[in-house]
Structures are given as C-alpha cells and as structure tokens.
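# Descriptive structure summary
For reference, the chains in residue letters:
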Amino acid sequence: DGGITQSPKYLFRKEGQNVTLSCEQNLNHDAMYWYRQDPGQGLRLIYYSQIVNDFQKGDIAEGYSVSREKKESFPLTVTSAQKNPTAFYHCATGTGGYREQFFGPGTRLTVL
Amino acid sequence: RKEVEQDPGPFNVPEGATVAFNCTYSNSASQSFFWYRQDCRKEPKLLMSVYSSGNEDGRFTAQLNRASQYISLLIRDSKLSDSATYLCVVSWSGGTSYGKLTFGQGTILTVHP
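Being a predicted model, the structure only gives us computed values, none of them experimental. (Residues numbered from 1 in each chain as written. Chains lettered and ligands numbered in written order. Predicted model: local features only at pLDDT ≥ 70, side-chain atom pairs only at ≥ 80, totals over all residues. Heavy atoms only, no water.)

## Quick word on the sheet that holds strand β8 (residues 76-78) of chain A
All names here are of chain A. Spelled out, the test is: Here the rule is simple: two strands pair whenever DSSP picks up at least two bridges between them. Runs of H or I in DSSP of at least four residues are treated as helices and runs of E of at least two as strands, each being numbered from the N terminus. Between N-to-C directions, angles span 0 to 180 degrees; the directions come from axes that are lines fitted to C-alpha atoms, helices contributing only their stretch in contact.
Reading across the sheet, the four strands line up as β1-β3-β8-β7 and stay open at both edges, with antiparallel pairing between neighbours. Among the strands making up the open sheet, the edge pair consists of β1 (4-7) and β7 (64-66). Strand-to-strand, the axes of this sheet are offset by a mean angle of 20°, without reference to chain direction. Of the strand pairs in this sheet, β7 and β8 are connected by three bridges, and their pairing is antiparallel. Bridge assignment links serine 65 to a residue of β8, and that residue is threonine 77.

## What about the state of the cysteines?
Counted only if it meets this: Throughout, disulfides are identified as pairs of cysteine sulfur atoms within 2.5 Å of each other. Throughout, exposure labels follow a simple rule: accessible area from a 1.4 Å probe, protein chains only, divided by the maximum for the residue type, with under 20% read as buried, over 50% as exposed, and the rest as partly exposed.
Inspection of every chain in the model, using the stated rule, returns two disulfides over all chains. Note that cysteine 23 of chain A is cross-linked by a disulfide to cysteine 91 of chain A, the S-S spacing being 1.9 Å. Across the S-S bond linking cysteine 23 of chain A and cysteine 91 of chain A, the dihedral sits near -70°, which makes this disulfide left-handed. Pair noted here: cysteine 23 of chain A is in strand β3 (residues 19-25) and cysteine 91 of chain A is in strand β9 (residues 87-94), with a separation of 68 residues, a long-range link. For cysteine 23 of chain A, a relative accessible area of 0% corresponds to the buried category. Between the sulfur atoms of cysteine 23 of chain B and its disulfide partner cysteine 88 of chain B the distance amounts to 2.0 Å. Its torsion about the S-S bond being -75°, the disulfide of cysteine 23 of chain B and cysteine 88 of chain B is classed as left-handed. Note that cysteine 23 of chain B is positioned in strand β3 (residues 19-25) and cysteine 88 of chain B in strand β9 (residues 84-92), a separation of 65 residues in sequence. On the accessibility criterion, cysteine 88 of chain B (0% relative accessible area) is buried.

Next comes the structure, spelled out in structure tokens:
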C-alpha cells in the first residue's frame, strides 16, 4: 500500500520537552518536506531534504531539527527552543524541484 | 506584500452554482502553479496543476496569467462535496538551487443544499 505515513496523529507535550514526529514514505520520492500550519494560516516550510544525508532550512527552522539517514524517513524533532509549537505538522514528499508535492495525514501537536 | 494572496472568503454558494477563486503571486520568477484542496483537519491534496494555456479537469478549470501574475480556479455545477478550503500554491527557487512551494492562506468554500 503506497503512501506517506505520519505518527502519531495526536501528540501532547509538556513545556520544555523535545518530541519527535515520524514521517515515512514508500513512494520512492527523493524529496521530503516538513510544513507547519496554524489555524487560518497557510502552510510554512520548516525543513526540506532533496537527497539522503542532506537537508536545508526552510522559512521557520528555528527550534526544529531533522535528519535524513534513509530515503524513506524524515523525522522532525520539535525542541524546547521552539516557543510556540502547538500546530498541525504536515510531511510531504515529491520528486523535487518545482514539481507538485504529496502530503501525509499530519500530526497535531499540542503543548500543555 | 504576501508572496501568494487569496481572498479568504468564505464563499457560500448553493448546489449547482458556479464559483471562481482568484490568486495573485508576487514573484515573477515563479515556475509552477497548483491548486490544492484541504478538508477540515486533513492534509492538503493536489487538485490540479495550472498551465499557461489553461487546463480543465471535469468541472474544474484553472487559468494562469503570467503577465498579471494571476491564477484562477473555476468550479462549475458545485456539489456539496466541494466544500473545503482551496489553496493556491506557487513554486519558485526561493533563492536556493531547489524549488520550494509557497502556499496562500486558502479560500473557504461552503456549498449548501
């Protein structure tokens, strides 16, 4: 069954804790992306990776970290340095460049 | 000025109506253009790419005017299931060697019986 999976679907974090959001794909796409969406807002790019072992900061990378050790996986860590992490987090994949991207089901993170 | 601007709506239309959404983008170097659909608390899903010649997919028609930096989406014979947020998306280099997508904030459509 091809697609993009994100886990968990809902995540609750206490202030000061780091949490890691999972994103896995079996579409054989080279490029993977993380976006943040706040209520009533458009998606904003956090980090992206065009190939394994390489990733770039997006527009709002502060307080986040990523790794890309495997083509299929692109986990996002929300660190305690991120002051307002409550949001909906979307992982996307694509063939890269200017082409369309495809999104996983998302993770809703709430800081208690 | 925002990189991608959309009328947030909401648009409330009866079933069977025709509705049009507009979008403007600021970067003349933009390369690719898309419309995505997002249902409440769900992920965005690609609705259609937008080409300079205009393109149609069933009840949906997309137009691009590069000179005016303007994109449109026309939905004919609206269905209840068309109710969603429609996202205008533009791809450009972003100052990097790779393309990046920039999303508008979305236009909310509600189709009622």
